[in-house]
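The residues making up each chain are set out below.
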Amino acid sequence: MSSALTDLYRYPIVQAPMAGGASCPQLAATVSEAGGLGFLAAGYKTPEAMYEEIKQLRGLTDRPFGMNLFMPQPPNPDPAAVAAYGERLAGEAAWYETPLGDPESGSDDAYDAKLAVLLDNPVPVVSFTFGCPTRAVLDALAKVGTRTVVTVTSPVEAQTAQWAGADAVCVQGVEAGGHQGTYSNDPAADGMGVGLGLLSLITLVREYVQIPIIAAGGIMRGSQIAAALSAGAVAAQLGTAFLVCPESGANALHKQAMTDPLFGRTELTRAFSGRPARGLVNRFMREHAPYAPAAYPQLHHMTSGLRKAAAKAGDPQGMALWAGQGHRLARDLPAARLVETLAVELDAARAALGLQPQWGAVS
């Protein structure tokens, strides 16, 4: 079951693809060199910029790595709601002295063009978020030697990915930072307690599919990786844990906020992008989340300039501070050292259960 992935890494540690700049070539290369599996994120980039990052990463390491793509989104069902939200954000635009972005800047994230690049210049792994590709796409990637992973948040989504021909699923628990990778953007689910914790979700998905499972959601320590593996995963994907590393391209204010007592909790919100995403609760989220419609990526385009202006002004209260539930456990370590530390903790957790160390981590 696990052979489709285990030759990609020494340690079962995957650095999550974080769109917006955090998952830069330096971070991904360092993680892969250290024995994990580094990832780049194509989201919000042009195909040309994506290809340039691939070339940069290949200049830094010859180890396997992955690239993440966002699936195209359906048309926004309620343009009036988007316009009303824009009116609500007029004060933010005045405060930060920047215009709101055009909500109709595109809903496909140049998906077809990025796929074309990855078919012409294959990478070891491609993962997908916000939906499942067609079998034709997954088969085409398989023919060029690329392994595929689909992000899922339910057993039914995992089944769909298996039927389509994915090599593995990334099972994302509700604890995860950033966007929930659900296939649909259903506002009826908001506030209804929908969203399973990671360990329960892994166990459920194992009952539905036979392909390998990568576990994602709030993982910050090697002991949590051990728990995910015991539940049935073959590897764990960590985002928030790597976001604070010096190699990460995340804004310094974002990194500092992870352990700042001023930001004590996270919530799922549509305020910044129109899709549920977990971030540190700040002023922008408190003031605007109740009014944000289910309109992605329209709201992302609309608020992009505001978020950049807030970062430029040194104001984390106006930024999207994506973070998982374990953010207070973030460690300001170089990425290679973090991989090594997690591996040592993983082997220690196994030893505590009377199991032999499996990965040969050195403390």
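Residues numbered from 1 in each chain as written. Predicted model: local features only at pLDDT ≥ 70, side-chain atom pairs only at ≥ 80, totals over all residues. Heavy atoms only, no water.

Colleague: Is there a simple way to explain the sheet that holds strand S11 (residues 277–280) in this structure?
Modeller: Sheets are built from strands paired through backbone hydrogen bonds, the pairs being either parallel or antiparallel. What the 3 strands build is an open sheet, ordered S7-S11-S10; its pairing is antiparallel. The strands lining the two open edges of the sheet, one partner per strand, are strand S7 (178–179) and strand S10 (266–269). Both S10 and S11 contribute to a ladder of 4 bridges, which runs antiparallel. By the bridge assignment, Glu-267 is partnered in S11 with Gly-279. (Pairing = 2+ DSSP bridges. Helix = DSSP H or I, 4+ residues; strand = E, 2+ residues; numbered from the N terminus.)

Colleague: Explain helix H14 (residues 335–352) here, please?
Modeller: Because each turn of an α-helix spans 3.6 residues, side chains separated by three or four positions end up pointing in the same direction. End to end, H14 covers 26 Å across 18 residues, agreeing with the expected 26 Å (1.5 Å per residue, within 8%). Taken as a whole, H14 has its buried residues at Ala-335, Leu-338, Val-339, Thr-341, Leu-342, Ala-343, Leu-346, Asp-347, Ala-349 and Arg-350. The secondary structure elements touched by the buried residues of H14 are strand S1 (13–15), helix H1 (25–33), helix H9 (222–231), strand S9 (235–238) and helix H10 (240–243). (Expected span 1.5 Å × (residues − 1). Buried < 20%, exposed > 50% of the residue type's maximum accessible area, 1.4 Å probe, protein only. Contact = heavy atoms within 4.5 Å.)

Colleague: Quick question: what am I supposed to make of the pairing of strand S3 (residues 65–70) here?
Modeller: Regular strands have side chains that alternate between both faces of the sheet. Most of S3 sits inside the fold, with 6 of its 6 residues counted as buried. Handedness of the crossover joining strand S2 (residues 38–41) and S3 through helix H2 (residues 47–58): right-handed. Of the strand pairs in this sheet, S3 and strand S4 (residues 125–129) are connected by 5 bridges, and their pairing is parallel. Directly across from Leu-69, in S4, lies its bridge partner Phe-128. (Right-handed = clockwise from strand over helix to strand, strands pointing away.)

Colleague: Any chance you could explain the pattern of salt bridges here in plain terms?
Modeller: A side chain with one charge may pair with a side chain of the opposite charge, provided their charged atoms come close. Counted by the stated rule, this structure contains 9 salt bridges. Of the charged contacts in the structure, one is a salt bridge between Asp-7 and Arg-147, with a shortest N-O distance of 2.6 Å. With a gap of 140 residues between them, Asp-7 in the segment before S1 and Arg-147 in strand S5 (residues 147–152) connect regions that are remote in the sequence. Between Arg-331 and Glu-345 there is a salt bridge, and its shortest N-O distance comes to 2.6 Å. Here Glu-345 lies in helix H14 and Arg-331 lies in the loop between helix H13 (298–312) and H14, a separation of 14 residues in the sequence. (Salt bridge = Lys/Arg side-chain N within 4 Å of Asp/Glu carboxyl O.)

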